[in-house]
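The chain contents come next:
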Amino acid sequence: MKRFLAIVLASIMLLAMAPAAVAENAIIYEIADDPEQMDPTLNSYSRSSMVLQQLFRGLYKLNSDGSGFIPCLAESYEVSEDQLTYTFKLKEDLKWSDGSPLTAADFEYSWKRVLNPDVASRAQSDMWVLKNGRAYANGECSADEVGVTAVDDTTLVVELEALTPWFISLTAITSYFPVKKEVVEAEEPWTRSPETYISSGPFMLEEISSLAYIRMVKNPYYVDADDVQTDTLTYMIIPDAATVLTAYNNGEINVADNLSSDAIAQYKDTDEFSSIGRIGIQYCDFNCDLPEFSDKRVRQAFAISIDRQAVLNALRITEPVIYGFIPYSQPSLTDPDKSYRDIAGDMFEMDVAKAQQLMADAGYPAGEGFPTVEIVTRADNEQRLMAQILGEMWKANLGVDYSITTYESATYWDELEMGNFSVDRNGYTCDYLDPVANLKIFVTGSNAYENNWDDPVFDAMIDATDKESDPAKREQLIIEAEKYLIEEMPAMPMYSYEDTFLVKPGVNGVIKNAIGHINFEYATFE
């Protein structure tokens, strides 16, 4: 009922707001649900990033064609000979959206807030690249020992724990955005009202209505405000992809992202359609705390006993199936014309006979004695259908019974965190172009902890990749680490992400990067 009312309310709001898109330089875009987190220092969600990337900016930002990163709040930086110390010079006279000064001290406060063990940010592993970042997050040292220091208002010195060639790109992700200490630490929660929601990006929050819309307006204090043409940016919350297509066809929104197979079929050969590979995968976690899934043979059996292409065909998902944890869009470290997957190849294949033997070896011949598998998904039709198809494949091929439990988005991740599942549906988009990124999410204590799998051997293999500077040797270390992860199979890769979106004629400059973040800063209007 909650989801039905959300769709109805979104439709009413669309009809009410449609003329605004004609009357001014406006973007009306859709998003599937409320953002899970509006504080960038706490954020690890892709949907939230879609909002936060419009409201905040960091030291660097995506350039206008989405191909690389350029200075934003930073003017420039210098790097030490050992490439472990970055000294950033900030632009003069930076301001928050309320007109107050924004300084290097705001960056030091915000980055240390992400790592603060008392804050318990879900994004803290993003900051482990900082010197003593992980140690502070684990309570092993003080904040003063973390490698980020504001020398003066416009000078920020950053010390890294190890070689991090992708560090500049990290400064453009949400966890590296500054937040204003005075509002964050005020008595009233700062993210609940536009009056207290102080930001640093091209847009600032004007109005937010849960399950209905988020309205932003141009931020006059943004460092590059003179180049921003969009006056209003509205995110309509439309959970259903079919409704998105209707709204787009009716001109009620002029940018659409949640595309159904019908939308792709209708627009794929037009100038309104765009597609870009995203550095993430869709996968299913196994709850490794459960006795039956603590055995890697069982996890392997479940992973290799399903027909991935048949699953995607049934769901009319056009993204490519994958037999590894690193997506097709991550580049090779040794060949600029190839992806990492071209070099590494598939790491496993479907093999029902082998899966059945693995189950027998684990003590569950033909599924005998295996507990009912609780498949947990969010409450939408596509996820429920995927859960049912997977359950039927496991029942037919492994002899196990299954049940399906669904939760609304607002409670789904809490249920996973409490371990209330056997198999879930998950996905992760990484923050930088380097194949190790997609493996690091499985390091002990990192963001993707839902499977409750900790492995010191794997952790050490990933640490070794950070210490190797030779690209060829490093790529081989990453391949070996991925092979080990496949052998352990704490999660089951399903498909590699592709981002598709629609933009109406007359609107130009809407871009996405490999992270999947849409960017409206450079939008122009004919």
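Residues numbered from 1 in each chain as written. Predicted model: local features only at pLDDT ≥ 70, side-chain atom pairs only at ≥ 80, totals over all residues. Heavy atoms only, no water.

**A look at the side chain of Arg425**
- With respect to the helices, strands and loops of the structure, Arg425 is situated in the loop between strand S15 (423–424) and strand S16 (426–429).
- One polar contact links Arg425 to Glu382, side chain to side chain, over a distance of 2.7 Å.
- For Arg425, the side chain forms a polar contact with the side chain of Tyr495, separated by 3.1 Å.
- When sequence neighbours within four positions are dropped, the list of residues in contact with Arg425 reads Gln282, Tyr283, Cys284, Val376, Glu382, Gln383, Met386, Tyr412 and Tyr495. (Helix = DSSP H or I, 4+ residues; strand = E, 2+ residues; numbered from the N terminus. Polar contact = N/O pair within 3.5 Å; in protein donor to acceptor, adjacent residues only side chain to side chain. Contact = heavy atoms within 4.5 Å.)

**Examining the pattern of salt bridges**
- The tally for this structure, following the rule as stated, stands at 25 salt bridges.
- We note a salt bridge from Glu108 to Lys112, for which the minimum N-O separation is 2.8 Å. Here Lys112 and Glu108 lie together in helix H3 (residues 104–115), a separation of four residues that amounts to about one turn.
- Given a relative accessible area of 11%, Lys112 falls into the buried group.
- The salt bridge involving Glu488 is made with Lys296; its shortest N-O contact spans 3.6 Å. In this pair, Glu488 is assigned in helix H17 (residues 471–488) and Lys296 in helix H9 (residues 296–304), connecting sequence segments 192 residues apart.
- Classification of Lys296 as partly exposed rests on a relative accessible area of 30%. (Salt bridge = Lys/Arg side-chain N within 4 Å of Asp/Glu carboxyl O. Buried < 20%, exposed > 50% of the residue type's maximum accessible area, 1.4 Å probe, protein only.)

**Some remarks on the sheet that holds strand S13 (residues 373–378)**
- Ordered by their spatial adjacency, three strands build an open sheet running S14-S13-S15, and the pairing between neighbours is parallel. The open sheet has two edge strands, strand S14 (402–407) and S15, and neither has a second partner.
- Inspection of the sheet shows S13 paired to S15 by two bridges, in the parallel sense. Across the sheet, residue Val376 finds its bridge partner in S15, namely Asp424. (Pairing = 2+ DSSP bridges.)

**Looking at helix H16 (residues 456–467)**
- Compared with an ideal rise of 1.5 Å per residue, which puts twelve residues at 16 Å, H16 spans 17 Å between its outermost C-alpha atoms and is within 8% of the ideal.
- Listed in full, the buried residues belonging to H16 are Phe458, Asp459, Ile462, Thr465 and Asp466. Down the axis, H16 shows its buried residues gathered within 115° of arc, on one side only. Exposed positions of H16 whose direction lies more than 90 degrees from the buried face are Pro456 and Lys467.
- Packed against the buried residues of H16 are helix H15 (437–440) and H17.
- If you check the start of H16, you find a side-chain oxygen 2.9 Å away from the backbone N of Val457, and it comes from Asp455. (Expected span 1.5 Å × (residues − 1). Arc of directions from axis to C-beta.)

Geometric values such as these leave the question of function open.
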